[in-house]
Amino acid sequence: MSALTLWRNAKLATLTSNTPWGWVANGALLTQGARIVWAGDAAALPTAQTPHIQNEVDLGGALLTPGLVDCHTHLVYGGQRAAEFELRLQGASYEEIARAGGGIRSTVAATRAASDADLLASATRRAQSLMAEGVTTVEIKSGYGLSEADEARCLRVARTLGETLPFTVRTTYLGAHAVPPEFAGRTDDYIDAVCAWLPALQRQGLVDAVDAFCENIGFTPAQTRFVFEAARALGLPVKLHAEQLSDQGGAALAAEFGALSCDHLEHLNEKGIRAMKAAGTVAVLLPGAYYFLRDTKLPPIDALRAHGVPMAIATDHNPGTSPGLSLLLMLNMACTLFRLTPEEALRGATVNGARALGLHDRGTLAAGQRADFCVWDLDHPHELAYWFGHNPCRRTIVGGLERTV
Ligand code: NIG
Ligand code: FE
């Protein structure tokens, strides 16, 4: 057996069971390379393993959680939209700005104008902010290129982030985010193009999943279905920006395609909830966008909970509706705005976030899982959803190795 590292003298929020937090008061972890081989009560450390322990790290009684998973971001883009924020403060709505050609389209123009190096540099800074708070896995969507070349460029930048920074990146193709100017008035033709670009993007290894914006200012359910059929034909999983501004029945449609997740969901109806439950689709809640758009319609949290639909929490980082880069603040907002419990919020940014990406090898502290975990300057995990504007992340271990950001 090859060398083991013992991480001892820690409090563990393993999140492995239905016991509160999967709590272990006097815990320890054994890792081997990039994997956890054992986690539990220090007194139960398997004696067969102890001769193979080569390194020992005393964590001084600190709190350990799984590494955080931010399962919905739009991290790669050019420019910013602070002027649009001011317009909204003066009374313009997000939809009005979008219909007038601003919104997503203005970020598309800025993204197309940016060089690869600029896109990589700005996305790297954003990724570093997320990582500083313990994010070890992040999903990054395209959707600000909206041409074959620019979508590929943005996805490539996202892949490069994953190769150059100590975290995992999953990429999602969101060609169906908005209609670019060269397709104005020809939405169906644009959807055909979005579907036609997909095989080449997949061949270049740029796509882990496919998403769409099903909305009255986005794409209809029928157009979304086309995109999903193209994804299914290539064996790619789907996700959906669903029921954010209106009820389009998008969640039920996505569930029909076995979607990994439906995201936003403020206007989700009962039928959609049942369909998501039956399909095992995760509800990704995005309190940053709810807050920043000054939304008042809450996602149906009680019904999601009652039906046992797993809930995830993410930043939705993007320049239009959620320019924040703190997943911990999202945990706080998930509790204050959406009334999740602190434990639901943490599960949402770990095990359920991973599930929303189709990843089952992370999100808990258990044998067989990736050795991605955070050491916090906190006594109890409920503090993760309590403090805000303060970063208690002391150390982060990714694939068994301590990272410095
Ligand atoms: O997740 N709603 C669609 N997409 C983004 C916003 C994109 C933008 O405004 O640039 C979201 O909220
Ligand atoms: Fe989004």
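Procedures and definitions
Residues numbered from 1 in each chain as written. Chains lettered and ligands numbered in written order. Predicted model: local features only at pLDDT ≥ 70, side-chain atom pairs only at ≥ 80, totals over all residues. Heavy atoms only, no water. Salt bridge = Lys/Arg side-chain N within 4 Å of Asp/Glu carboxyl O. Helix = DSSP H or I, 4+ residues; strand = E, 2+ residues; numbered from the N terminus. Buried < 20%, exposed > 50% of the residue type's maximum accessible area, 1.4 Å probe, protein only. Donors = N, O, S within 2.8 Å, 3.2 Å for Na, K, Ca; no water. Lys, Arg positive; Asp, Glu negative; His and termini not counted. Polar contact = N/O pair within 3.5 Å; in protein donor to acceptor, adjacent residues only side chain to side chain. Near = heavy atom within 4 Å. Areas by Shrake-Rupley, 256 points an atom, 1.4 Å probe, with all protein chains shown as cover. 1 Å grid on protein atoms, 1.4 Å probe; cavity = no way out; pocket = protein on both sides within 12 Å on 5 of 7 lines; lining within 4 Å. Sits in = over half its atoms within 2 Å of the grid points.

**Section: the pattern of salt bridges**
- For the structure on display, the rule yields 21 salt bridges.
- Here Arg-8 and Asp-58 are joined by a salt bridge, their closest N and O atoms 3.9 Å apart. Linking Arg-8 in strand S1 (residues 4-13) with Asp-58 in strand S4 (residues 53-66), this pair joins segments that are 50 residues apart in sequence.
- Taking relative accessible area as the criterion, Arg-8 reaches 33% and is therefore assigned partly exposed.
- For Asp-58, a relative accessible area of 42% puts it in the partly exposed group.
- Of the charged contacts, one joins Arg-305 and Glu-344 as a salt bridge, the two residues approaching to 2.7 Å between their closest N and O atoms. With Arg-305 in helix H11 (residues 301-307) and Glu-344 in helix H13 (residues 342-348), the pair connects residues that are 39 residues apart, well separated along the chain.
- Taken together, the shared-partner salt bridges connect Arg-112, Asp-116, Asp-150, Arg-153 and Glu-182 into one network.

**Thoughts on the coordination of the iron ion (ligand 2)**
- Around the iron ion (ligand 2), the protein supplies His-72 (NE2), His-74 (NE2), His-241 (NE2) and Asp-316 (OD) as donor atoms, at distances of 2.1 to 2.3 Å.
- Each donor residue of the iron ion (ligand 2) belongs to the same chain, and together they define the spacing H-x1-H-x166-H-x74-D.
- For His-72, a relative accessible area of 0% gives the class buried.
- Residue classification places His-74 among the buried residues on the basis of a relative accessible area of 2%.

**Observations concerning the side chain of Lys-239**
- Examined against the element boundaries, Lys-239 turns out to sit in strand S9 (residues 239-242).
- Here Lys-239 is buried and forms no salt bridge, its nearest opposite-charge partner Glu-139 lying at an N-O distance of 4.9 Å.
- Of note is the side chain of Lys-239, whose polar atom sits 2.4 Å from the backbone oxygen of Ala-356.

**Observations concerning the site of ligand 1**
- Of all residues adjacent to ligand 1, which total 15 residues, the nearest are Arg-81, Tyr-94, Tyr-144, Gln-244 and Thr-321.
- Note that an oxygen atom of ligand 1 is positioned 2.7 Å from one of the side-chain N or O atoms of Arg-81.
- A distance of 3.0 Å separates an oxygen atom of ligand 1 from a polar side-chain atom of His-264.
- Protein contact buries 100% of the 330 Å² of open area that ligand 1 shows by itself.
- Using a 2 Å cut-off from the grid points, one finds that ligand 1 occupies the largest cavity.

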